[in-house]
Amino acid sequence: MSADRSDSGNDAVRGRSGRFSEPVAELVKQYTASVDFDKRLADADIAGSLAHARMLSAIGVLSTEDLATIERGLAAIRGEIERSEFAWSRDFEDVHLNIEKRLIALIGDAGKRLHTGRSRNDQVATDIRLYVRAAIDDVAARIAALRRALLDLAEAHAGTVMPGFTHLQVAQPVTFGHHLMAYDAMLSRDAERFVDCRARVNRLPLGSAALAGTGFPIDRDRVARELGFDGLCENSLDAVSDRDFAIEFAAAAALTMMHLSRFAEELVLWSSPGFGFVRLADRFCTGSSIMPQKKNPDVPELVRGKSGRVFGDLVALLTIMKGQPLAYNKDNQEDKEPVFDIVDTLLPTLIILADLVAGGIEIDAARMRAAAGTGYATATDLADYLVRKGVAFRDAHEAVAQAVRHAETSQLDLAQLPLDALQRFSPRIGDDVYGVLTLDGSVASRNHAGGTAPEQVRSAIRAARAALGGR
Ligand code: ARG
């Protein structure tokens, strides 16, 4: 294959220049091609190419005519891709070579000049950073929407009493609003993690070329500004090779899915007949093919199940990275599918859960209150009452334990025991004790920052709303 053949430009784009003496094996072509999935980077790739070409022209490496031709060609390609007319081909390996090959076919020599001072190594690192940055912005907006839905529900139930659990045993009464606000607290930290990770994602690798930089007098700051990056990746070897920014994104996503999975697990429990705390709207459930009575909480179950995919994606990314010597290695091509899978899992999960919380869930406050009334949830309140009457906490704990044992044998709640029965466990008990044994008295008494009292829940909601910058 001689260098002066008229299609030698396309052969180079095919990654099969005059350097090679035989065509690539068919299975190897399939094995190494990434275009089937990395075509999702096309938008980012075109934006990166435009910024690169404009910079080359600004420093006088590319003529203004060539730049105009390249801009026209890339705009045409963008249109073809949008209209699904673009002919993606595994013959050209990846998204970058497919677009470059098409550009050369459309505009000729100017297209062959675009890759000056650039490598696919800094090109793909730029593309994936642009993609992850956009994904972070989407995720952050979806987390905020889910939080708004949670805050609305929490406000409606700031005073709704439910049992709080430890070890999944009834522990102490809490308010449903307080319980929901626990998830808001988790999600607010998740959102912070994405914002924090965005700062490290948003740095420009382009200009690092294959690994060592380029001899052309490039203006990287100009490219960074045009693409909205906050700064440059400082070291060219690091810039083309590390994917820690994608791993951080995956870790933030994994933590978010873990929190959503915990919430989903509670929805599964709460909607089961044993609890009966909530009913999920039919649009979030399916039936059984054999048991006509069944209504299954598929959505929460899948949220729980899909968290595993995202954890797997995180581990895949870590593993892809861990054995790589500097600088770029083809291993990094394997970073894309986990990243895409995370986006394709996390975004719909957030959207569906926000819809469910906003209008797909009916709360059975009476069932919640009834459940809080079983299991001696106010026993700690009785102990605290005795402490206030001068009994040492450990002695109070023992006295109440015996009272609970007695109540259990008589199948009564503490509040149902007559005063003289209670006084057998401590003579300090007076008839004011019934005030602390009620559920509402119990939750209202926990009236400090972070406590479950309705007043505190409302103030936590106000603070969260202010931080979210809405209503
Ligand atoms: N498709 C490749 C990737 O995703 C692009 C970079 C290829 N670079 C190379 N030297 N083969 O990483």
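## So, the site of the ligand
Point 1. Taken together, Ser34, Asp38, Asp94, His96, Arg120, Asn121, Val124, Tyr328, Gln333 and Lys336 make up the full set of residues adjacent to the ligand.
Point 2. Within the contact set of the ligand, an oxygen atom lies 2.4 Å away from a side-chain nitrogen or oxygen of Tyr328.
Point 3. Between the ligand and Lys336, the relevant distance is 2.6 Å, taken from an oxygen atom to a side-chain nitrogen or oxygen of the residue.
Point 4. Across the complex, the protein chains shield 85% of the 340 Å² of accessible surface that the ligand would expose by itself.
Point 5. For the shell around the ligand, the element with the most residues is helix H8 (residues 120-156), which contributes three residues.

## Quick word on unusual backbone geometry
Point 1. Here Leu326 and Ala327 are connected by a cis peptide whose omega angle stands at 0 degrees.
Point 2. With respect to the helices and strands, the residue Ala327 is situated in the loop between helix H13 (298-322) and helix H14 (336-359).
Point 3. At Ser84, a position not held by glycine, the phi torsion is positive, near 55 degrees.
Point 4. At His167, a residue that is not glycine, the phi angle is positive and equals roughly 55 degrees.
Point 5. Here His167 shows up in the loop between strand E1 (161-166) and strand E2 (169-175).
Point 6. Among the residues examined, His167 registers a relative accessible area of 74% and is labelled exposed.

## Examining helix H21 (residues 454-468)
Point 1. With 15 residues, H21 extends 21 Å between its outermost C-alpha atoms, agreeing within 8% with the 21 Å of an ideal straight helix rising 1.5 Å per residue.
Point 2. Within H21, burial applies to Pro454, Gln456, Val457, Ile461, Ala464, Arg465 and Leu468.
Point 3. Elements that come into contact with the buried residues of H21 comprise H8, E2, helix H9 (176-201) and helix H20 (439-445).
Point 4. The positive-phi residue at the C-terminal boundary of H21 is Gly469, with phi of around 75 degrees.

## A closer look at the pattern of salt bridges
Point 1. Using the criterion set out here, one finds 31 salt bridges in the structure.
Point 2. Here Asp152 and Arg465 are joined by a salt bridge, their closest N and O atoms 2.6 Å apart. A residue pair is termed long-range when its members are at least 10 positions apart, and Asp152 in helix H8 and Arg465 in helix H21 qualify at 313 residues.
Point 3. For Asp152, a relative accessible area of 32% translates into the label partly exposed.
Point 4. Taking the relative accessible area as the measure of exposure, Arg465 reaches 12% and is therefore buried.
Point 5. In this structure, Asp341 and Arg309 form a salt bridge, with 2.5 Å as the shortest nitrogen-oxygen distance. With Asp341 in helix H14 and Arg309 in helix H13, this pair connects stretches of sequence that are 32 residues apart.
Point 6. In this structure Arg309 comes out as partly exposed when scored by relative accessible area, which is 42%.
Point 7. Each member of the salt-bridge network shares a partner with another, and the members are Glu93, Asp94, Arg120 and Lys330.

## Observations concerning the side chain of Gln333
Point 1. Looking at the secondary structure, you find Gln333 in the loop between H13 and H14.
Point 2. For Gln333, a relative accessible area of 8% translates into the label buried.
Point 3. Polar side-chain contacts of Gln333 include one of 3.3 Å to the side chain of Ser34.
Point 4. The residues contacting Gln333, other than those within four sequence positions of it, are Thr32, Ala33, Ser34, Phe37 and Tyr328.

## Description of the pairing of E1
Point 1. Pairing of E1 with E2, which is carried by six bridges, proceeds in the antiparallel orientation. Bridge pairing in E2 links Phe165 to Val170.
Point 2. Here E1 folds back onto E2 in antiparallel fashion, the turn holding two residues, of which His167 has a positive phi close to 55 degrees.

## Some thoughts on the confidence of the model for the protein chain
Point 1. For the protein chain, per-residue confidence averages 95 on the pLDDT scale, and 96% of positions sit at 70 or higher.
Point 2. Residue range residues 1-9 is modelled with pLDDT below 50. Its contacts to residues more than four positions away, or to other chains, number seven contacts.

## A closer look at the environment of Arg102
Point 1. Following the sequence through the fold, Arg102 ends up in helix H6 (residues 95-107).
Point 2. Sequence separation of Arg102 and Leu74 is 28 residues, and the distance between their C-alpha atoms is 9.1 Å.
Point 3. What Arg102 contacts, discounting residues up to four positions off in sequence, is Ile77, Glu80 and Phe86.
Point 4. In this structure the side chain of Arg102 is engaged in a polar contact, spanning 2.7 Å, whose partner is the side chain of Glu80.

Calculation criteria
Note that residues are indexed from 1 along each chain, following the sequence as it is written. Selection of residues for local features in this predicted model requires a pLDDT of at least 70, selection of side-chain atom pairs for listing and counting requires 80 or more, and totals for whole chains, interfaces and linings are taken over all residues. Water and hydrogen atoms were dropped before computing side-chain values, which therefore reflect all heavy atoms in the structure. Near is defined per residue: the residue qualifies when any heavy atom it owns lies within 4 Å of the molecule or strand. Whenever two N or O atoms come within 3.5 Å, that pair is a polar contact, provided that in protein one can donate a hydrogen and the other can accept it, and provided that, for residues adjacent in sequence, both atoms are side-chain atoms. Accessible areas in this description were obtained via Shrake-Rupley with a 1.4 Å probe; residue shielding takes into account the shown protein chains only. Here a strand is any run of E in DSSP of at least two residues, a helix any run of H or I of at least four, and the numbering for each starts at the N terminus. Only protein chains enter the area calculation, which uses a 1.4 Å probe; residues under 20% of their type maximum are buried, those over 50% are exposed, and those in between are partly exposed. Given a helix with a known number of residues, its expected span is that number minus one, times 1.5 Å. Between two residues, a contact is recorded if the distance between any of their heavy atoms is within 4.5 Å. Salt bridges are counted wherever a side-chain nitrogen of Lys or Arg sits within 4 Å of a carboxyl oxygen of Asp or Glu. Whether two strands pair comes down to DSSP finding at least two bridges between them. In predicted models, pLDDT denotes the confidence assigned by the predictor to each residue on a 0 to 100 scale.

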